[in-house]
Amino acid sequence: MQRAERGITGEAVLDRDWGKGFAGKTAFVLLDRGWVLVPAGFLFGRALLLSQLSPFALSFFAAVFVVKKEMAPRVFLALLAGAFSISPMHSASAFAVLFSFLVLHRLFRTLHKGETAPVPFFVFFTILAVKSVLAYTLNGPEFVPTYDLVLAAVEASLAFVLTLIFMQCMPFLSLSGRIRTLKTEEWISLLIVFASASTGMVGWTVAGIEADHVAARYLVTTISFLSGAAFGSAAGVVSGLILSLAGVNDFHEMSILAFAGLLGGLFKEWKRGGAISGLMIATVLAGFYGEGSFTNMTTFYESMAAAALLCITPKTWTDHISKLIPGTAEHSMEQQRYLRKVRDVTADRMEQFSDLFDALAGSFSRSEHHLEVEEREVDLFLSGVTEKTCQTCFKKEQCWAYQFDETYKLMKDILEDADAGKESLSPHLSKELEQYCFRPARVEGEIRSQLTYYRANKKLKQQMRDSRKIVADQLEGVSKVMRDFAVEMKKEEETHFSQEEKITTALESFGMEITDIDVFSVQKGTVDIEMTIPYAKGHGESEKIIAPILSDLLDEYIVVVDEQQDGSGIRSVFRSAKAFRVVTGFAHAAKGGGLVSGDSFSAIEIGTGKFALAISDGMGNGSRAHDESSATISLLKQILQSGIEEKVAVKSINSILSLRTNDEVFSTLDLAIIDLQDARTVFLKVGSSPSFIKRGDQVMKVEAGNLPIGIFQQFEVETVQEQLKSGDLLITMSDGVFEGPDFIENAELWMKRKIKSIETNDPQAFADLLMDEVIRTQSNEIKDDMTLCVARIEHNLPEWAAIPVYDIEPSEKKKKRPARRRAV
């Protein structure tokens, strides 16, 4: 069995398993091995239009020759055999056409270089030339009828079109192990191919029953049974038209086939019995139409023969064919199965990458014990010292062989004392060294001379450990994001038929018509519903009517998050509204009233239902400080929106900025992340000024002690958590605002008093007023870059309130309540 794959074009390739029975083996031989092309070639060799034109033979051979070249010799012989069954003269004509095509294709191979585009033109000119030569030969050089030349041109044109159709359908007739979902135009082309093949059965009769009629009705009935009324009626019209061209007496077949396809599709729910019923009804009605009473039993017998063929058609064949027809339930199920498989494979791959990043993080986290590393560094240092001092001393063996522990401890104590920054040894160590060592001054001097290298090496090793830790934290963060994404992908799309029916009934009671509704989740806080409104006028029907109705039905506020206009109407996405929302206001000024400020700020929407406020103050002023602060904000925004935890995000930014330059250019970061479901707020203050929370008449300070970003490659981030309430004002500021007021000894107390005195709750007005107060205290001068961010936390109340609707119960008894269509 071939597994589902994705082709180069991105289209779904379906699984195929024909089974182990006779039907499965037959299908395998005919389709997978390509032997179906041989009987098809025989039929196309016999097929005629208007009893004279034979455009099918060369068109079919050219398509096989280009697409399935290994089957071309067998098809060549099958075509000649089919033509010979008509007449030897017809066989000779077919041989001349096929041979001329091969010669023409061979002659111009350097021009087309194996491309398929010129093939239909080769077919056209081959038939036109050969038929014209045959007409000239048969009628003599004196007179060539114009009628024969016109027929040659018509046959060449039909062959040109048929070649294009056959080339498009050839991948299906020779599947080569894979089935691809076909488009609508490809199915119409297949119908033309099958109907054309049925014309090759013209003249075959058994007890008065014509084989071409049976084949055409079997084709139409099967298509209507599998695909419905649209494809069924199209199959009927196409088959009837081609049969009528093959024989003028068969024109009445078009009405039978078209009506049978329509009725069979309408009765599709009754499976094969419905399609057969549609065929019989169409046959009877067509008989009444011709004679006024049904007297032609041969037509009825032909329909019965087609019905019998449908009944014995293996189910595995019909199941596989139905998966290829767009719009069928089997096709939709196969597409869903394929999408689920792709989703599961992607999720598994994401989990594998997550495990890989976990393993990498673990490898970076695993390091030697700090004490062991330190002892090894001391050993190496003392080895270098003793090599230059003790190696030539006559007391070497006494010190390092018989009194090793005492000697080692004394040397280590001297190293630690010198490393502490003392200019001379402590009296106790100095006295002990003089008593113990023959060359005390030389040993102390050597230790102090090597101390610089020892400190540099020690610092380098510490930086390496810090770098390993930050890389491990970053890899763990990426691993967590990928694992969470894999878990989200694996969540099955649940079917909520009762909720869909309830929502549909409620909307219809308000006169709203919807053509498609998908309920993905109805859990509290995670509602996810999509629907299409076909006749929406673009006046906000989704926001003003549908969302309020859903809010009442689901007992929580629902909002419209997305609307898209397509050919079928407006596609709207409804989801749960957040419990809180944040309204922000900003005020900022550059030093001296300049245009470039060293401060940067941003309000960041995080996809996990959180809202972030960030202020970064670059060291100093001007463009260099602005570059540092804007780089910090830009990195923070990208990392937070990727889903990485805020602590890891800050550490990552610090590591990147500290390694990016050797210049002493640092930046602060004031970050507040607000959870929009419960208003819990996490503050990360990295070298920044305090923040303030105004709640009524109370003003509370929020601060944390962290060094600015970029000083050290590794540091622990201290966080502060606060529970905000609806109506709270959150004020964050740069140091230019907090430390700006002149002649103020207690800046914190002054700031609290000013915040308390401002009565407005509008964030923008609040920020402007507080900025004016600070500038006024500086004698109307801007002595440093200043940035203020004010955010108001409030309950999220949608613009349109819930609309009460009738209680929709599954039983027939429905309790009603008054419907108040009131919007606020």
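All values reported here derive from a predicted model rather than from experimental measurement.

## So, unusual backbone geometry
A positive phi angle, close to 60 degrees, is found at Asp555, a residue other than glycine. Structurally, the position occupied by Asp555 is in the loop between α23 (541-554) and β8 (558-566). Even without glycine at this site, Ala679 takes up a positive phi of about 65 degrees. Looking at the element boundaries, Ala679 is found in the loop between β13 (667-675) and β14 (680-686).

## Points about a negative patch on the surface
On the surface, a cluster of negative charge is contributed by Glu374, Glu375, Asp379 and Glu416. Of the residues forming the negative patch, the biggest block, 3 residues, is contributed by helix α17 (residues 370-389). Looking at where Asp379 falls in the secondary structure, it is placed in helix α17. Looking at Asp379, the relative accessible area reads 34%, which means it is partly exposed.

## Here's the deal with the pattern of salt bridges
For the structure on display, the rule yields 13 salt bridges. The partner of Lys701 in a salt bridge is Glu748, and the shortest N-O contact between them spans 2.7 Å. Here Glu748 lies in helix α27 (residues 747-757) and Lys701 lies in strand β16 (residues 698-702), a separation of 47 residues in the sequence. For Glu748, a relative accessible area of 24% puts it in the partly exposed group. Linking Glu773 and Arg776 is a salt bridge whose minimum nitrogen-to-oxygen distance equals 3.5 Å. Here Glu773 pairs with Arg776, and both are found in helix α28 (residues 763-777), just 3 residues apart, close to one helical turn. Note on Glu773: relative accessible area 25%, which makes it partly exposed. Three or more residues joined by partner-sharing salt bridges are found here, namely Lys701, Glu703, Glu748 and Lys752.

## A closer look at the sheet that holds strand β12 (residues 610-618)
Strand order in this open sheet of 5 strands is β11-β12-β13-β14-β17, and the pairing throughout is antiparallel. Across the chains shown, the open sheet's two edge strands, defined by having one partner strand only, are β11 (599-606) and β17 (719-723). Here the strands of the sheet are splayed against their neighbours by 15 degrees on average, with no regard to which way each runs. Across 6 bridges, β13 lies against β14 in antiparallel orientation. When the sheet's bridge partners are listed, Ile673 is paired in β14 with Val682. Contacts from helix α24 (residues 622-641) reach β11, β12 and β13, with the element oriented near 10 degrees to β11.

## Re the sheet that holds strand β15 (residues 691-695)
Read across the open sheet, the 5 strands follow the order β10-β19-β18-β15-β16; overall the sheet is antiparallel. Of all the strands in the sheet, the pair left with one neighbour each is β10 (580-589) and β16. If you compare each strand with its neighbour and ignore which way they point, the axes differ by 20 degrees on average. Its contacts with the sheet put α27 on β15, β16 and β18 (729-733), and the angle it makes with β15 is roughly 35 degrees. Across the sheet, α28 is in contact with β10, β15, β18 and β19 (786-795); its angle to β10 comes to roughly 30 degrees.

Calculation notes
Residues numbered from 1 in each chain as written. Predicted model: local features only at pLDDT ≥ 70, side-chain atom pairs only at ≥ 80, totals over all residues. Heavy atoms only, no water. Helix = DSSP H or I, 4+ residues; strand = E, 2+ residues; numbered from the N terminus. Patch = residues over 30% accessible without salt bridge, like charges linked within 9 Å, V, L, I, M, F, W, Y side chains within 5 Å. Areas by Shrake-Rupley, 256 points an atom, 1.4 Å probe, with all protein chains shown as cover. Salt bridge = Lys/Arg side-chain N within 4 Å of Asp/Glu carboxyl O. Lys, Arg positive; Asp, Glu negative; His and termini not counted. Charge placed at Lys NZ, Arg CZ, Asp CG, Glu CD. Buried < 20%, exposed > 50% of the residue type's maximum accessible area, 1.4 Å probe, protein only. Pairing = 2+ DSSP bridges. Axes fitted to C-alpha atoms, helices over the stretch in contact; angles between N-to-C directions. Contact = heavy atoms within 4.5 Å.

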